[in-house]
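Chain by chain, the residues run as shown.
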Amino acid sequence: MKIKTKLTLGVGLLFLLIILLSSLSTWYVYKLKSDTENVLVDNYRTLEYSRYMLLSLESMSADAMTKFDEFLSKQEKNITEINEKEVTQNLRNHFDLFRNNKTDEDIKSNIRKDLFKLMDMNMLSIRRKSEMAKETVNSAIFWIAVTGASCFLIAFTLLINLPSNIADPIQELSKSIKQIADKNYSQRVHFESNNEFGALAKSFNVMAQKLEEYNNSNLAKIMMEKRRVETLIDKMHDPVIGLDENMRIIFANAEANQILGLSDSELIGFQSKDLALKNDLLRALIIDIDAVETEVTKTKPIRIFANGKESYFEKDIQHISFLPTGENSPKIIGHVILLKNVTEYKALDSAKTNFIATVSHEFKTPIASIKMSLQLLENEQIGKLNPEQQKLLESINDDTSRLLKITGELLNMTQVESGNIQLSILPANLLEILQYAINATKTQADFKQIKFEISCPETLPQVLADSEKTAWILTNLISNAIRYSYENSTIYLTVLETPKQIKISIKDTGQGISPEYKDKIFNRYFRIPGTKKEGTGLGLAISKEFIEAQGGQISVESEFAAGSTFSLSLNKSS
Ligand code: ADP
């Protein structure tokens, strides 16, 4: 049955019953009122008249007859019962007789009898009418109760059924709509089919089915696209590994499988951190995945042995994020690790390094020999040189020293590039090394009238260092300080002891370094644009590598146009 019909029937019936109940009650109340009125009008008055007539008969006063006649006339107009008319007529006859013969006791007695008959008759009628009223009350109670109970039953049935009849389907419908919103397109609703909700359910189910079909067709397209991308990744010659936002491996191509030595079934779906416990390479790949990309992770290639050959890969981690609809900040949904095979470049690079090493090494001996010959030429025993020749000799000497410095730097660089820094770390006296560096740069400083101001504690523990390399670093730093300082200035050399380290700072009051180049000056071959002094841009890069290989640190503080302070720290020998 339709909800509308149900509602119309239920509420309509209730409405009819309420009208019936109120009419019934009104009718019964009216009936009871008219019954009481009848008793009063019909019988009570006759009893009153009869009582006055009896009193008038017994009183024998002068106006007794007149009064009797008056009440008898009233009674004659109030005939309500059967036989009452005859009895009243008899009374009139007997009264007429009595008026003519007032002493006749028989007539008087007849009048009394008539009066009592009249009273009895009306008393009986009152009793009968009272019984009838009682019956009316009983039947009123019965019918009002029946109608009231029916009203209650219908109202109760409506109360129990109607809300759930309407609310239940709405509830089911809203649940199903939620399911559809959550992309569960297989959701359907099943209502009684012949009411309004049935029609609604039909429309809803058609909509859900269409959505399901649409979704399935889209799914097929998406699956196709997914397969295409998977094939593309698989065909790539570089290893690619995909991780979700919880670091679970979601894909890996054949190249990645090969270098990791793990098949898809051993990789896909597994937590990368668990696999990394057993797989060193995977551990190296994910170790800094959360860290912000640094120069080190970007430039240092990873050496991998796979299929009996050594390969070099450059790691590139891409964090995949997107901006969800309606949100302000992007959400990370995964990471992709790309390994770029740089074995070929690495081979070329090491060939270049070897070439530089060989050339620098080969250059060193002839340069040293030139230096020795120069010293011999300076000896007056060989022959005296005229001033021009002396000047030329000095110039050759300068160029040779520069060449020696460059070949030295290039040789050191080849050590750094090949990763073969040969260190002999032993307890050493840092002050002695510092003194050596000062002596080595003394002539250069004197040339520019630059003074050194040294501040250091009286006693100093030994440091763990490679004396030769540390001397080279300090010489390089002091030499730079001299080169980039103005004439007649001072270089401050400060030695400080910290709980675990000894720190040396070399402070100059020269041109300084502008902030944008502060991080770059330690890069290989980097020279601040516009630097007019000769140099290779290798000194600081080599110094950094050497000092870090010894477990120390190097840093710079600088104020542009006011000077720079280079600090290096070395571990104490315990
Ligand atoms: P270079 O052979 O060019 O001196 P370095 O690696 O020693 O190579 O230095 C790199 C660059 O850093 C230099 O070219 C120079 O511009 C800058 N630099 C180094 N030391 C100082 C300093 N004390 N004051 C100002 N600039 C400096």
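These numbers were taken from a predicted model, which means no experiment stands behind them.

**Q** An account of the packing of helix 14 (residues 467-483) against helix 15 (residues 539-549) is needed here, citing residue identities and associated values.
**A** Running from N to C, helix 14 and helix 15 point in directions that differ by 145°, and their axes come no closer than 10 Å. The chirality of how helix 14 crosses helix 15 is left-handed. Residues Lys469, Trp472, Ile473, Asn476, Leu477 and Asn480 of helix 14 pack against Gly539, Leu540, Ile542, Ser543, Phe546 and Ile547 of helix 15. Residues that form the contact of helix 14 with helix 15 fall into these classes: 7 nonpolar, 4 polar and 1 charged.

**Q** Help me get a handle on the site of the ligand, residues and values and all.
**A** Near the ligand you find 20 residues, and of these Asn480, Arg483, Asp508, Arg527 and Leu540 are the closest. At 3.0 Å from a nitrogen atom of the ligand is found a side-chain nitrogen or oxygen belonging to aspartate 508. Protein contacts shield 99% of the accessible area of the ligand, which totals 530 Å² for the unbound molecule. Put simply, the parts of the chain that give the shell around the ligand at least two residues each are helix 14, helix 15 and strand 12 (563-571). No other element matches helix 14, which puts 3 residues into the shell around the ligand. Looking at the shell around the ligand residue by residue, the classes come out as 9 nonpolar, 8 polar and 3 charged.

**Q** Explain the side chain of aspartate 114 residue by residue, including any values.
**A** Along the chain, the position of aspartate 114 falls in helix 4 (residues 105-181). We note that aspartate 114 is buried and unpaired, the nearest opposite charge coming from lysine 117 at a distance of 5.9 Å. In this structure, aspartate 114 is in contact with Val87, Asn90, Leu91 and His94, ignoring residues within four places of it in sequence.

**Q** How would you explain the pairing of strand 5 (residues 331-341) if you had to name every residue and give the values?
**A** Here strand 1 (residues 240-244) runs beside strand 5; their pairing, made up of 5 bridges, is antiparallel. Each residue of the ladder has a partner; that of isoleucine 241, found in strand 5, is isoleucine 337. As defined by bridge partners, strand 4 (residues 309-322) adjoins strand 5 across 10 bridges and the pair is classed as antiparallel. Residue isoleucine 317 lies in a different strand from strand 5, and its bridge partner there is isoleucine 337.

**Q** Provide a residue-level description of the nonpolar core, including the pertinent values.
**A** Taken as a class, soluble globular proteins show a tendency for nonpolar side chains to be buried jointly. Membership of the largest hydrophobic core comes to 40 residues, with the highest contact counts inside it found for Leu474, Leu477, Ile478, Ile506, Phe566 and Leu568. Sequence-distant contacts of phenylalanine 566, defined by excluding residues within four places in its chain, comprise Leu477, Ile504, Ser505, Ile506, Ile513, Ile521, Phe522, Leu540, Ser555 and Val556. With 24 residues, the next largest nonpolar core counts Ile249, Ala276, Leu282 and Leu339 among its residues.

**Q** Any details on the domain arrangement of the protein chain? Residues and values, ideally.
**A** According to the domain assignment, the protein chain contains domain 1 (3-169), domain 2 (231-341), domain 3 (348-417) and domain 4 (426-571). Here the C-alpha centre of domain 4 lies 24 Å away from the C-alpha centre of domain 3. Listed as interface residues are 10 residues of domain 3 and, on the opposing side, 13 residues of domain 4. Summed over both partners, the interface of domain 3 with domain 4 comes to about 1000 Å²; 59% of that surface belongs to carbon and sulfur atoms. Area buried by domain 3 at its contact with domain 4 is led by Glu409, Met413 and Val416, which between them contribute 47% of it. Between the two partners, domain 3 and domain 4, sit 2 salt bridges.

**Q** Kindly report on the packing of helix 12 (residues 387-418) against helix 14, identifying the contributing residues and their values.
**A** Their axes nearest at 13 Å, the elements helix 12 and helix 14 cross at an angle of 130°. The orientation of helix 12 relative to helix 14 falls into the category oblique. Seen from above, helix 12 lies across helix 14 with left-handed handedness. Of the residues in helix 14, those in contact with Lys405, Glu409, Asn412 and Gln415 of helix 12 are Lys469, Trp472, Asn476 and Arg483. The residue makeup of the contact of helix 12 with helix 14, split by class, is 1 nonpolar, 3 polar and 4 charged.

**Q** Would you mind going over the sheet that holds strand 5 in detail, with residue names and values included?
**A** By way of backbone hydrogen bonds, the strands of a sheet pair with one another, either parallel or antiparallel. Strands sit in the order 2-1-5-4-3 across an open sheet of 5 strands; the sheet is antiparallel. The open sheet terminates on both sides in strands that have one partner only, identified here as strand 2 (249-252) and strand 3 (302-306). Strand-to-strand twist across the sheet, computed as the mean angle between neighbouring axes with direction ignored, equals 30°. Across 3 bridges, strand 1 lies against strand 2 in antiparallel orientation. Across the sheet, glycine 242 pairs through a bridge with phenylalanine 251, a residue of strand 2.

Cut-off values and rules
- Residues numbered from 1 in each chain as written.
- Predicted model: local features only at pLDDT ≥ 70, side-chain atom pairs only at ≥ 80, totals over all residues.
- Heavy atoms only, no water.
- Axes fitted to C-alpha atoms, helices over the stretch in contact; angles between N-to-C directions.
- Helix = DSSP H or I, 4+ residues; strand = E, 2+ residues; numbered from the N terminus.
- Left-handed = near helix turned anticlockwise from the far one by under 90°.
- Contact = heavy atoms within 4.5 Å.
- Nonpolar A, V, L, I, M, F, W, Y, C, P; charged D, E, K, R; others polar.
- Near = heavy atom within 4 Å.
- Polar contact = N/O pair within 3.5 Å; in protein donor to acceptor, adjacent residues only side chain to side chain.
- Areas by Shrake-Rupley, 256 points an atom, 1.4 Å probe, with all protein chains shown as cover.
- Buried < 20%, exposed > 50% of the residue type's maximum accessible area, 1.4 Å probe, protein only.
- Lys, Arg positive; Asp, Glu negative; His and termini not counted.
- Salt bridge = Lys/Arg side-chain N within 4 Å of Asp/Glu carboxyl O.
- Pairing = 2+ DSSP bridges.
- Core = buried A, V, L, I, M, F, W, Y, C linked by side-chain atoms within 4.5 Å.
- Domains from an automatic or database assignment.
- Buried area = accessible area lost by both parts, 1.4 Å probe.
- Parallel < 35°, antiparallel > 145°, perpendicular 65-115°, else oblique.

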